[in-house]
Each structure stands twice: as structure tokens, then as C-alpha cells.
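The primary structure of each chain is shown beneath.
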Amino acid sequence: MPNDIIDGDPVFERFERARPAAVRDMLARTPIAWVPLGALEWHGEHAPLGLDSIKAAWICEQAAARAGGVVFPAMSWGAFHTLRFPFTFRFGKRALRRQVRGALNQLADFGFHAIVFLTGHYPLAQLTMLRAECRRVSARRGVAAMGISEAMLATDIGYLGDHAAKWETSILMAITPELVDLGALPTEPMTLDGRAARLGIFGIDPRTHASADEGRRALELIVPRLAEAATRLLREGNTDAAEEIYARHAAALRPPIAAGKIAYGTDSAWEVVTFTLRSIWRNRHL
């Protein structure tokens, strides 16, 4: 994936760096709003605390370089269902719902016709909230909005979501390799549950499976698919593109035991069940 944005006339604007005339011009040309969401949360000793925001913002900018629009600063404060580890901010659900709803309504007020919320932090409850709020503003305001995670665009290669594990680590290695230090992790073998409890790594072991090549493989699917979906939202004036992504993601999670084997990198149904139940009990959420 290229790291440099296209030269010449601006394909997209960064809201915080743009003067009002530039935003007005983009609204007249390509009224797509890109809003990255993240969290400030432990991602193992090997990855930065802002991993979710870093990847979501990068992906939004790369998709906007293809589709156009205005990219907003990442929303990191307010994320809920974060893990119970050090240097992790935890908030209630209502605060982020109010923030998302307010942002959606004001983006519609500004004149955006398509709104993309891309969250790099994606517990099930937060994804459900984003979908509901995007559907709400679409129905009430006549804009086309969607709220998804990047993993929802790469389920066909087995990226069903993880936390500081193979896929998140690989994506960051492809984007900003200097922020990843796998050498900071212990070298002894660990079970799936052991990695989660001790290191905050939920998913396939990044020590043996993460690489920049794997990150690029995921991003080469995610970025163009996201750009295409945003373009369809704008062109078609409805949320069909979003609903198709939601449906494909739901299908990839069925049946849940098989999906768990893929996400966790195990052949044991028993390990999937016990790990999931322990995780729910330990963190009090899905």
C-alpha cells in the first residue's frame, strides 16, 4: 500500500488542517465525511496504546485518497468495553452514543451526504451502537451513513477481529513498523488464555504469525473496499452498501464455534468456548 497521498489537486481534506473555503469546495465536489474511531487502551507490551486510532485514521485517509471527501480527527476518548489493563481509559456506553449521535447530526447539518464511521476498536456492543446510530441518522436526515470496523472488510482472509494479536499487529507493522516491537514480548509458549490474561493479546499469537506482509495483504482488501462502499453511499443515496457489509460480516461469524476457531487460531471447540466465557467473565463484556 502506498504511504503517500496523491499529488496535485487535493483528493480529500483533513478537517483540522483545512480552511473553511476548502471544506466548502469539497462539500460541493465530494460530500463524504470520514470519521475514524479508536480507543486509548493497552495493546500488549509490543504495540502502542493508541493502536486502534492509528490504524483507523490511516485507513480512512487512504480510502479518502481514492474516493475524496473530508477526513476528521480520530475520536479516541469515550470508547467503552476496553480491557482491564494498565493505561487503559474506560467509559460508559451512553457517553459515546451521545458523542456519535451528535457528530452524525452535525455532519448532516454541514451538508455531508455520505458519512463513514470506521472504528478500530470493535467490541460487539460498540459495533451494534454504531450501526444503530448510522441507521437512525440515515432514516431521519436522508443522508447515507455507515458504521463499521476494518475487520468487517477482510473476513474472507480470516480477519474476524482480534486485539493486539496477528491482524492488528500486522496492520500496524505495515503502516508504521517503528511502533511495533515484538521483542518486548516474552518468548515462552503460551496458551490462548494465557496470552490474553498476561499480555492482553486476544487472538492468534503475533510472535509467530504477525508480519508486515500479512498487514499489507489485509490492507489491500480493506482500503479499496472501504473506498468503494463510501462511493456507493454517495452515488446511490442509500445505505445498501452498508447493509451488504453488515450482512457479510454476520455470515462470517456463523456458526460461532467455527468462526472462533478461525479468529483464535485453534482447532479446539472446547478452547473456543472456554476462552470466550473466561473473557466475558474477566472483562464483563463481549
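Structure: see above.
Note that the structure is predicted; figures quoted are calculated from it, not measured. (Residues numbered from 1 in each chain as written. Predicted model: local features only at pLDDT ≥ 70, side-chain atom pairs only at ≥ 80, totals over all residues. Heavy atoms only, no water.)

Caption draft 1: Region of interest: the overall build of the chain. Counting its regular elements, the chain contains 11 helices and five strands. For the C-alpha atoms alone, the extent of the chain along its principal axes is close to 55 × 35 × 35 Å. Sorting the 286 residues of the chain into buried and exposed places 55% on the buried side. Considering only contacts within the chain whose residues lie at least 6 apart along the sequence, 73% involve residues at least 24 apart. Of the roughly 12,800 Å² of accessible surface on the chain, a fraction of 55% belongs to carbon and sulfur atoms. Here the chain carries 34 positive and 31 negative side-chain charges, and the mean point of each set is 8 Å from the other. (Helix = DSSP H or I, 4+ residues; strand = E, 2+ residues; numbered from the N terminus. Buried < 20%, exposed > 50% of the residue type's maximum accessible area, 1.4 Å probe, protein only. Contact = heavy atoms within 4.5 Å. Areas by Shrake-Rupley, 256 points an atom, 1.4 Å probe, with all protein chains shown as cover. Lys, Arg positive; Asp, Glu negative; His and termini not counted. Charge placed at Lys NZ, Arg CZ, Asp CG, Glu CD.)

Caption draft 2: Seen up close, the environment of Gly-120. As for its placement among the helices and strands, Gly-120 is situated in the loop between strand E4 (114–119) and helix H4 (124–141). Sequence-wise, Gly-120 and Ala-39 are 81 residues apart; in three dimensions their C-alpha atoms are separated by 7.8 Å. Ignoring sequence-local partners within four residues, the contact set of Gly-120 consists of Leu-37, Asp-52, Lys-55, Ala-56, Glu-150 and Glu-168.

Caption draft 3: Molecular detail of the side chain of His-46. Mapped onto the elements, His-46 comes out in the loop between strand E2 (32–37) and helix H2 (51–67). With a relative accessible area of 1%, His-46 lands in the buried category. Within the local environment of His-46, its side chain forms a polar contact with the backbone oxygen of Ala-164, the two atoms lying 3.1 Å apart. Ignoring any residue separated from it by four or fewer positions in sequence, one finds His-46 in contact with Ala-164, Thr-169, Leu-179, Val-180, Asp-181, Leu-182, Ala-184, Leu-185, Ile-201 and Pro-206. (Polar contact = N/O pair within 3.5 Å; in protein donor to acceptor, adjacent residues only side chain to side chain.)

Caption draft 4: Quick look at a nonpolar patch on the surface. Taken together, the side chains of Ile-257, Val-273, Leu-277 and Ile-280 present a nonpolar region at the surface, about 290 Å² in accessible area. Mapped onto the elements of the fold, Val-273 is located in helix H11 (residues 269–283). Val-273 sits in the partly exposed class, given a relative accessible area of 33%. (Patch = residues over 30% accessible without salt bridge, like charges linked within 9 Å, V, L, I, M, F, W, Y side chains within 5 Å. Salt bridge = Lys/Arg side-chain N within 4 Å of Asp/Glu carboxyl O.)

Caption draft 5: Seen up close, the nonpolar core. Among the nonpolar cores identified, the biggest contains 43 residues, and Trp-34, Met-146, Ile-148 and Leu-226 are the most heavily contacted of them. Secondary-structure elements contributing two or more residues to this core are E2, H2, E4, strand E5 (144–149), helix H5 (166–175), helix H8 (212–236) and helix H9 (240–252). When residues in this core are grouped by element, the largest group, nine residues, is from H8. In this structure, Ala-18, Ala-33, Leu-104 and Val-137 belong to the second largest nonpolar core, which totals 26 residues. (Core = buried A, V, L, I, M, F, W, Y, C linked by side-chain atoms within 4.5 Å.)

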